[in-house]
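Working through the structure, step by step
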Amino acid sequence: MSTAQIIYEQYKVLPKRVREELKALIINEDNQEQPLTLMQEIEEGLKEVKLMKEGKIPTRTFADLKKEIHDAQ
């Protein structure tokens, strides 16, 4: 029996909640392997600005953020 098969057998006997947590951890770890470079972050920001100008996503001002923080407290 391979290591992968042994791990899978162990996985199958876990409670459903624990299996879901394990899957989420594995997926989350896979997504964090390659963080965005500075250039990619800038490009993402510019795309958001363009969408804001086109009215496709709402714009949020600093005043809006302060109000949200104040309301959350």
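Residues numbered from 1 in each chain as written. Predicted model: local features only at pLDDT ≥ 70, side-chain atom pairs only at ≥ 80, totals over all residues. Heavy atoms only, no water.

1. Here we look at the overall build of the protein
Summing up its helical and strand segments, the protein has four helices and zero strands in all. Start at the N end of the protein and walk to the C end: the helices and strands fall as α-α-α-α. Its C-alpha radius of gyration of 21 Å places the protein more than 25% over the 11 Å reference for a compact globule of 73 residues. Its C-alpha atoms put the protein at 60 × 35 × 20 Å along the principal axes. Taking all 73 residues of the protein together, the buried fraction comes to 0%. Of the charged side chains in the protein, 12 are positive and 14 negative; the average position of the first set lies 6 Å away from that of the second. (Helix = DSSP H or I, 4+ residues; strand = E, 2+ residues; numbered from the N terminus. Rg over C-alpha atoms; globule rule 2.2 N^0.38 Å. Buried < 20%, exposed > 50% of the residue type's maximum accessible area, 1.4 Å probe, protein only. Lys, Arg positive; Asp, Glu negative; His and termini not counted. Charge placed at Lys NZ, Arg CZ, Asp CG, Glu CD.)

2. Observations concerning the environment of arginine 19
Looking at the element boundaries, arginine 19 is found in helix 2 (residues 16-31). Separated by 26 residues in sequence, arginine 19 and glycine 45 place their C-alpha atoms 35 Å apart. Leave out the neighbours within four places in its chain, and arginine 19 touches Tyr11, Lys12 and Leu14. (Contact = heavy atoms within 4.5 Å.)

3. With respect to the pattern of salt bridges
All chains considered together, the criterion is met by six salt bridges. We note a salt bridge from lysine 23 to glutamate 20, for which the minimum N-O separation is 3.3 Å. Placement of both lysine 23 and glutamate 20 in helix 2 is noted, with a separation of three residues, approximately one turn of the helix. Here glutamate 54 and lysine 56 are joined by a salt bridge, their closest N and O atoms 3.3 Å apart. For lysine 56, a relative accessible area of 59% gives the class exposed. (Salt bridge = Lys/Arg side-chain N within 4 Å of Asp/Glu carboxyl O.)

4. Points about a nonpolar patch on the surface
Taken together, the side chains of Leu38, Met39, Ile42 and Leu46 present a nonpolar region at the surface, about 430 Å² in accessible area. Position of isoleucine 42 among the secondary structure elements: in helix 3 (residues 38-53). For isoleucine 42, a relative accessible area of 42% translates into the label partly exposed. (Patch = residues over 30% accessible without salt bridge, like charges linked within 9 Å, V, L, I, M, F, W, Y side chains within 5 Å. Areas by Shrake-Rupley, 256 points an atom, 1.4 Å probe, with all protein chains shown as cover.)

5. Let's talk about helix 3
Relative to the 22 Å expected for 16 residues at 1.5 Å per residue, helix 3 spans 23 Å between its end C-alpha atoms, a close match to the ideal helical length. Once helix 3 finishes, glycine 55 follows within two positions and takes phi at roughly 80 degrees, a positive value. (Expected span 1.5 Å × (residues − 1).)

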